[in-house]
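Chain by chain, the residues:
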Amino acid sequence: MLDVYLFVTPWGEQCMNSERVMMDFVHNVDQKVSFQIVPMLNMQIIQNYLHSAANQNYRSYNDLSEDMYHMILDYKAALFQCKRHGRNFLKLIQNEITTQNSPYSKELGTKIAQKANLDLTMFETDRRSQLAQDAFKSDQQTASEMNVSVSPSAVIFNADGDDCGILVEDFNNSILQQICQDSECPLSDSISFSHASVSFPHVL
């Protein structure tokens, strides 16, 4: 079984693209996959987004930090209802913020939760709960333990073998070629695909 962690910025086009690429990968490998999308939040991520061309809504570091944090708590609350609902919630709210340029708000989170068919009573209870805050802290600790500092980054382990793994920073579409076909990659012998047509751009 493969354990896959995708560490992303709470929102942004690059991270949305990496999520789509990794979902395609997860759906097409033969192996059973445990897959987690982990939003990261640190000073560098906030500063990078604040000063990026994609930022059209925020001028204050504190406002952006607070909204990213609350969006992550909303995502954790959605995950409590099931992984599929959580990922759907994340996709929908990222699209609203990144593609539609909507600033995050508690009302937006509620609207997206409804669109994602979540139990709204449970969602409203969980989104600011200690359980959601602890889940956020646990994710940040996981990122620290795996030495992840760049977003997006992928960490992939072969849980069935000798727990070999690889950390790929600035994760993107093309990097999967190295993971899947590079003979020097520690996971190259651990991954096979259900469909022979599945391929990724070659990286030399």
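Structural data are supplied above this passage.
Residues numbered from 1 in each chain as written. Predicted model: local features only at pLDDT ≥ 70, side-chain atom pairs only at ≥ 80, totals over all residues. Heavy atoms only, no water.

## Things to note about the overall build of the protein chain
Step number 1: Tallying secondary structure elements over the protein chain gives 8 helices and 4 strands in all.
Step number 2: Listed N to C, the secondary structure of the protein chain is β-α-β-α-α-α-α-α-α-β-β-α in terms of helices and strands.
Step number 3: Per-residue burial over the protein chain gives 49% buried out of 204 residues.
Step number 4: Looking at the protein chain alone, contacts between residues at least 24 apart form 62% of all its contacts between residues at least 6 apart.
Step number 5: Carbon and sulfur atoms provide 46% of the accessible area of the protein chain, an area that totals close to 10,200 Å². (Helix = DSSP H or I, 4+ residues; strand = E, 2+ residues; numbered from the N terminus. Buried < 20%, exposed > 50% of the residue type's maximum accessible area, 1.4 Å probe, protein only. Contact = heavy atoms within 4.5 Å. Areas by Shrake-Rupley, 256 points an atom, 1.4 Å probe, with all protein chains shown as cover.)

## Focus: the nonpolar core
Step number 1: One finds Trp11, Met22, Leu64, Phe89 and Ile93 to be the most contacted residues of the largest nonpolar core, which totals 41 residues.
Step number 2: It is helix H3 (residues 61–81) that contributes the most residues to this core, 8 residues altogether.
Step number 3: Residues Tyr5, Ala143, Met146 and Val155 belong to the second largest nonpolar core, which totals 9 residues. (Core = buried A, V, L, I, M, F, W, Y, C linked by side-chain atoms within 4.5 Å.)

## Points about the packing of aromatic side chains
Step number 1: A full pass over the atoms with the stated rule returns 5 aromatic pairs.
Step number 2: Consider the rings of tyrosine 69 and phenylalanine 136, whose centres lie 5.0 Å apart with planes at 80°: the pair is edge-to-face. Of this pair, tyrosine 69 sits in helix H3 while phenylalanine 136 sits in helix H7 (residues 130–145), placing them 67 residues apart in sequence.
Step number 3: You can call tyrosine 69 partly exposed: its relative accessible area is 23%.
Step number 4: The interplanar angle of 50° and the centroid separation of 5.7 Å between the aromatic rings of phenylalanine 89 and phenylalanine 123 together place this pair among those described as tilted. Linking phenylalanine 89 in helix H4 (residues 83–98) with phenylalanine 123 in helix H6 (residues 120–126), this pair joins segments that are 34 residues apart in sequence.
Step number 5: Residue phenylalanine 123 is classed as buried on the basis of its relative accessible area of 0%.
Step number 6: Chaining the aromatic ring pairs together yields one cluster made of Trp11, Tyr49 and Tyr58. (Phe/Tyr/Trp six-rings, centres within 6.5 Å; stacked < 30°, edge-to-face > 60°.)

## Some words on the side chain of glutamate 96
Step number 1: Inspection of the secondary structure puts glutamate 96 in helix H4.
Step number 2: By relative accessible area, glutamate 96 is classed as buried at 16%.
Step number 3: Side chain to side chain, glutamate 96 and serine 102 meet in a polar contact 3.1 Å long.
Step number 4: With near-sequence residues (within four places) excluded, glutamate 96 lies in contact with Asn101, Ser102, Leu108, Lys111 and Ile112. (Polar contact = N/O pair within 3.5 Å; in protein donor to acceptor, adjacent residues only side chain to side chain.)

## Examining the pairing of strand E1 (residues 2–8)
Step number 1: Taken across its 7 residues, E1 has 7 buried, putting it largely inside the fold.
Step number 2: Of the two faces of E1, the one holding Leu2, Val4, Leu6 and Val8 and the one holding Asp3, Tyr5 and Phe7 are both buried throughout.
Step number 3: Judged from the 7 bridges that link them, E1 and strand E2 (residues 33–39) form a sheet pairing that is parallel. Bridging across to E2, valine 8 finds its partner in proline 39.
Step number 4: A crossover connection joins E1 to the parallel E2 through helix H1 (residues 13–28); in handedness this β-α-β unit is right-handed.
Step number 5: Sheet topology places E1 next to strand E3 (residues 153–158); 6 bridges connect them, and they run antiparallel. For leucine 2, the partnering residue across the bridge sits in E3 and is asparagine 158. (Pairing = 2+ DSSP bridges. Right-handed = clockwise from strand over helix to strand, strands pointing away.)

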